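Per-entry structural report
Spelled out from the first residue to the last, the chains are:
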Amino acid sequence: SNAKMVLMPLIEELDLPNNFRRYNCERLVEEMKHHRMTGRWSERAVLEEFFFALSEIPPEDESISKANGSKLGGLLGSGKWLSDSDHCSWDGITCGSTTVGPGARGMEEDDDDANKKTRCDGKMDVDQLLNIPCPPKTAVTKIDLTSMHVYMNGTLINNLYMLTNLHRLNLMKNEIRGTVPESFSEFKKLEFLDLSDNLMTSQLPRNLPSTLEEVWFENNAFTGSIPDDFSRFGALRFIDMSNNQLTGTIPTYFTEMTRLNSLALAGNQLTGSIPDFDAPGMDVLDFTDNKLTGMPDIFPPDLSELKLGSNNLKGPFPDSKLFETLTLLNVTGNDFTGEVPTKLELDDSEEYFNLWRSFGCDKNTLCKPGHNILCSPGYFSPVGAVSELGPCQVCPLSEDELEKKALGQTTCSSKDYIAGDVNGDGVLSEREILQLFYVFTGGREWGTEFQKHWENANTKTCDLPGVSCGGDGEVIAITPNNAKLCAGSSDCHGLPSEIGMLQSLQIIGLSGASKLKGTLPPEWGKLEKLNVLKLDKCSSLTGAIPTEIGNLKSLKILDLSSSGFTGQLPSELGQLSDLTTLNLSLNSFRGSIPSEISQMKSLKQLVLSRCKLKGRIPENIQNLQQLENLELYGNNLTGPIPSNLMGMVSLKRLDMFSNKLTSSLPAELGLLKNLQIIHLKENRLSGTIPAVIGVLPSLTWFDVSNNNITGTIDPIFGSSSSLVDLKLGGNRIHGPIPNTLCSNKKIHEGFASKYGCDAILCPLGTYSKEGYATSSSECKPCPSGQSSLHLGASSCVSISQREILAMFFDVMGGESWDEELRRGWKTLPNECDWSGVSCDDNGELNTLAFQMRQT
């Protein structure tokens, strides 16, 4: 340790990596020797520096060994980072192999480089493609910290280039800040660099290694123009710099990069004209959402995808010869004029075109040839072409407007667009509404059984799987059980508001659609006949519950549990007078429970558990006379349990555990003769347990453990013929425990037959996991120097004589002592000054001397 103290100033003077502070003397000397011989630190030391820089945890922080519950716990725990194990076994680290592996981005789809996937896979010592030696099996070749969902928010380190055999660096979807270090140009073998979906800033790096084949920088905050230095990266095949803040023009050197296969620059602020591209290998160009003003005269001869939407491109629509090889073309959101070529065969952009056309939109020429690219003059749609919303719809134009021949109009001054109106009659049929629901929720991913019917125009509405109709043929239920709603997340547009137009609808059942996105449409409040609304386990749904929910006067079951709803609970819920079941558990609401809930006179099930609710329980909740199940556990509720619960005569379950409830247990609970479960553990309740609770005829489960309850247990609990669970540990209860409980053979599976009173509460000086004895956890003596303060302890503590005296005061009913006897007890800081207490010169108790009152 003395040697290390001598070396610490040297670490600072030489500006060595901070993680060296963790090393012992031998490790420091070892690293110095390694650097002297190679000019680099060891790969393990580089990875450790990399970890501390990205996580922003100080290397000397002793808490990192306890970080299993933190955002980095996966790496430090089962991920093995910083452990004594070989660094090649750390999660996200690969040594020796250059196999592409999962999440390979562009190379994963590249058939020409199929051999590249299996080179240096550990089975051969020579690269099968290039006939060069493979890296040592102990050399770090890949870092992938994306699949582990570890969110790091630090910066990249300069020394990372010392990993001389690194081929792939994948850090996408973190919160990494700062810039790309200049030292990255020192990488000799790096082929893949993915820093997408981070918080990288400043200008694009000019110092990348010339070996790079894939660069993924999208969804950051890079600024400035695209540097000229990229022209020297002749090996690049995939470039994505979308959704940054790049300015300037598109460099012409991209057109000369013969190996470049895909170039994505969408979502920036690029200006000027698109340069002529004649690169034969180019397959994808994406310049969507910029400020480009000019079209090129030449596009790559083998181009298959071209995305130019949302720019400032103007003039006549280009010659169709430019697009002969395309399978996808997006040019919406520009100012083209003229006519759209009608012979383009575009597989992807015809998806909705063909779907809507099969349902009759071509009868009114709404699906004219070319509308899959741009609406022709006299037509419009919100995106300027046929889309998931429906076909292009007629927009009456003046002669002057028609003369302009504007393509891809997104608005119409004389009418609104009606989403889903396939036949253009201005009215949505039930079939059109359902088809909109199918498209909005990614129907083609629902499953083949659904697809073959829902995409068949000859299938009658009432024959659609997941749809039920009433006697008059109107839709009464939408329950697409087992349908994989929104399984393809890019095709998910949420719940269409138009469902609110199905006036006969009684049931909506979409339980378990975990990938269903969006919000609950306010327009659904028009469904006056709706009886059941189930959106439980739809964890990707977000937003507040709309106030229009109160208009569903026929609703009987509302289940939005285990979803992603937020905001305050609307007071309009109180208007649902026919509701019998309300389950909003496992959401992220804010605020308190609205008092208007007490107006739901028919309510039998009220489940608001784990909703992050605060405030007090409404006093008027007693008005719910039909309520059988009240679950409010796992919130932040405060204040007392309402004492006026006697009106809830039907209540069977009262579950409010894990809140911050205070005051004492209301004796009025004993008046609720149907109560079977009282679950109030982990609150801040005080006072004693009312004896009247022990005579409830149906009570089976009574749990008030881990509160501040005092006093003794009334013997009446031992006479209960229904009670099977009695959990009182973690309180301040003292003995004696009634013999009727110590001999009860029903409570706690009859453990009293074996353990006696220990089966009810562990005695003083002992503890168990449950606070009472079971077959797997008997009451054990406290370790030496420790004790338990009360009956039913789950752990022991070091106990002072002051705490022992305070406990004596409580057990002996000290609050009722004469004033002189209780003088100073629990109030004066030194217990030796309490009335009747004497201590020796060391402050240790030696005498308790006072006359107790005779009774």
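Residues numbered from 1 in each chain as written. Predicted model: local features only at pLDDT ≥ 70, side-chain atom pairs only at ≥ 80, totals over all residues. Heavy atoms only, no water.

What follows concerns the overall build of the chain. Helix and strand content of the chain: eleven helices and 43 strands. With 855 residues in all, the chain has 50% of them scored as buried. Sequence-distant contacts in the chain: of pairs separated by 6 or more residues, those separated by 24 or more amount to 48%. With an accessible surface of roughly 38400 Å², the chain has 47% of that area assigned to carbon and sulfur atoms. (Helix = DSSP H or I, 4+ residues; strand = E, 2+ residues; numbered from the N terminus. Buried < 20%, exposed > 50% of the residue type's maximum accessible area, 1.4 Å probe, protein only. Contact = heavy atoms within 4.5 Å. Areas by Shrake-Rupley, 256 points an atom, 1.4 Å probe, with all protein chains shown as cover.)

Attention shifts here to helix H7 (residues 430–440). The buried count for H7 comes to ten of eleven residues, which makes it a mostly enclosed element. Along H7, the residues that are buried comprise Arg431, Glu432, Ile433, Leu434, Gln435, Leu436, Phe437, Tyr438, Val439 and Phe440. As for H7, its buried residues are in contact with helix H5 (351–358), helix H8 (448–454), strand E21 (467–469) and strand E22 (475–478). A positive backbone phi angle near 60° is found at glycine 442, which sits one or two residues after H7.

Attention now goes to a negative patch on the surface. A contiguous patch of negative charge, built from Glu256, Asp276, Asp278 and Asp297, is present on the exposed surface. Topologically, aspartate 278 is positioned in the loop between strand E12 (271–273) and strand E13 (284–286). (Patch = residues over 30% accessible without salt bridge, like charges linked within 9 Å, V, L, I, M, F, W, Y side chains within 5 Å. Salt bridge = Lys/Arg side-chain N within 4 Å of Asp/Glu carboxyl O. Lys, Arg positive; Asp, Glu negative; His and termini not counted. Charge placed at Lys NZ, Arg CZ, Asp CG, Glu CD.)

What follows is about unusual backbone geometry. With an omega dihedral of 5°, the bond running from glycine 735 to proline 736 counts as a cis peptide bond. In this structure, aspartate 289 is a non-glycine residue whose phi angle is positive, near 60°. Along the chain, aspartate 289 turns up in the loop between E13 and strand E14 (291–294).

All chains considered together, the criterion is met by eleven salt bridges. As a salt-bridge pair, arginine 206 and aspartate 229 come within 3.2 Å of each other at their nearest N and O atoms. Taken together, the positions of arginine 206 in the loop between strand E6 (199–200) and strand E7 (214–216) and aspartate 229 in the loop between strand E8 (223–224) and strand E9 (238–240) put the pair 23 residues apart, joining distant regions of the chain. Residue classification places aspartate 229 among the partly exposed positions, given a relative accessible area of 23%.

If you walk through the whole model with that rule in mind, you get 25 aromatic pairs. Relative to tyrosine 417, the ring of phenylalanine 380 has its centre 5.7 Å away and its plane inclined at 85°; by these criteria the two rings are edge-to-face. Of the two residues, phenylalanine 380 is situated in strand E19 (residues 379–380) and tyrosine 417 in the loop between helix H6 (399–404) and H7; the sequence distance between them amounts to 37 residues. Judged by its relative accessible area of 2%, phenylalanine 380 is buried. Considering the side-chain rings of tyrosine 633 and phenylalanine 657, the 4.9 Å spacing of their centres and the 10° angle between planes classify their relative orientation as stacked. With tyrosine 633 in the loop between strand E31 (629–631) and strand E32 (636–640) and phenylalanine 657 in the loop between strand E33 (653–655) and strand E34 (660–662), this pair connects stretches of sequence that are 24 residues apart. Phenylalanine 657 shares its class with tyrosine 633; the two are buried. Among the aromatic residues, ring-to-ring pairing joins Phe437, Tyr438, Trp446, Phe450 and Trp454 into one connected group. (Phe/Tyr/Trp six-rings, centres within 6.5 Å; stacked < 30°, edge-to-face > 60°.)

Here we take up the sheet that holds strand E11 (residues 262–264). Strand order in the open sheet made by the ten strands is E1-E2-E3-E5-E7-E9-E11-E13-E15-E17, with mixed pairing throughout. The sheet terminates laterally at strand E1 (93–95) and strand E17 (328–330), the two strands that pair on one side only. Recorded for the sheet is a direction-independent mean angle of 10° between the axes of neighbouring strands. (Pairing = 2+ DSSP bridges. Axes fitted to C-alpha atoms, helices over the stretch in contact; angles between N-to-C directions.)

This part takes up the environment of isoleucine 57. The topology assignment puts isoleucine 57 in the loop between helix H3 (43–55) and helix H4 (73–76). Along the backbone, isoleucine 57 and glycine 154 are 97 residues apart, and their C-alpha atoms lie at a distance of 9.1 Å.

Here we take up the side chain of asparagine 731. Here asparagine 731 is to be found in the loop between strand E38 (725–727) and strand E39 (732–733). Side-chain polar atoms of asparagine 731 contact the backbone nitrogen of asparagine 707, separated by 3.1 Å. Here the side chain of asparagine 731 touches isoleucine 709 through a polar contact of 3.0 Å, landing on its backbone nitrogen. In contact with asparagine 731, other than residues within four places in its own chain, are Val704, Ser705, Asn706, Asn707, Asn708, Ile709 and His790. (Polar contact = N/O pair within 3.5 Å; in protein donor to acceptor, adjacent residues only side chain to side chain.)

Right, let's talk about the side chain of histidine 748 for a bit. Its location among the elements puts histidine 748 in the loop between helix H9 (739–742) and helix H10 (752–755). Discounting residues that sit within four places of it in the chain, histidine 748 has contacts with Val724, Asp725, Leu726, Lys727, Ala759 and Tyr772.

As a further point, take the sheet that holds strand E36 (residues 701–703). Two strands in a sheet stick together by hydrogen bonds in their backbones, pointing the same way (parallel) or opposite ways (antiparallel). Across the sheet, which stays open at both edges, the twelve strands sit in the order E21-E22-E23-E24-E25-E27-E29-E31-E33-E35-E36-E38 with mixed pairing between neighbours. Edge strands, defined here as strands with exactly one partner in the open sheet, are E21 and E38. Ignoring strand direction, the axes of neighbouring strands in this sheet form an average angle of 10°. For strand E27 (residues 581–583) and strand E29 (residues 605–607), the ladder comprises three bridges, and the chain directions are parallel. Residue pairing for E29: threonine 581 is matched across the bridge by glutamine 605.

Evaluated as defined, the whole model comprises ten disulfides. One disulfide in the model links cysteine 375 with cysteine 392; its S-S distance is 2.1 Å. On the sign convention where negative is left-handed, the bridge of cysteine 375 and cysteine 392, at about -85° about the S-S bond, is left-handed. One end of the pair, cysteine 375, is in the loop between H5 and E19; the other, cysteine 392, is in the loop between E19 and strand E20 (393–394), and 17 residues separate them in sequence. Accessibility expressed as a relative area gives 0% for cysteine 392, which makes it buried. Put simply, cysteine 742 and cysteine 757 are joined by a disulfide, and their sulfur atoms are 1.8 Å apart. Every disulfide takes its handedness from the sign of the S-S torsion; for cysteine 742 and cysteine 757 that torsion is 105°, giving right-handed. One end of the pair, cysteine 742, is in helix H9; the other, cysteine 757, is in the loop between H10 and strand E40 (766–767), and 15 residues separate them in sequence. Among the residues examined, cysteine 742 registers a relative accessible area of 11% and is labelled buried. Residue cysteine 757 is classed as partly exposed on the basis of its relative accessible area, which comes to 28%. Just so you know, cysteine 538 is unpaired, no disulfide at all, and the nearest cysteine sulfur is the one on cysteine 486, 9.5 Å from it. (Disulfide = S-S within 2.5 Å.)

Within the largest apolar cluster, 117 residues are counted, with the highest numbers of intra-cluster contacts made by Ile499, Leu606, Leu630, Leu665 and Phe702. Among the elements that line this core, the one with the most residues is H7, at seven residues. Residues contacting leucine 606, with those up to four places away along its chain left out, are Leu582, Ile597, Ile621, Leu624, Leu627, Asn629, Leu630 and Glu631. Counting residues in each nonpolar core, the second largest holds 82 residues, with Leu193, Phe217, Tyr253 and Leu270 among its members. (Core = buried A, V, L, I, M, F, W, Y, C linked by side-chain atoms within 4.5 Å.)

Across three bridges, strand E42 (residues 837–839) lies against strand E43 (residues 845–848) in antiparallel orientation. Each bridged residue has a counterpart across the sheet, and for serine 838 the counterpart in E43 is threonine 847. Between the end of E42 and the start of E43, which pair antiparallel, lie five residues, with glycine 843 showing a positive phi angle near 80°.

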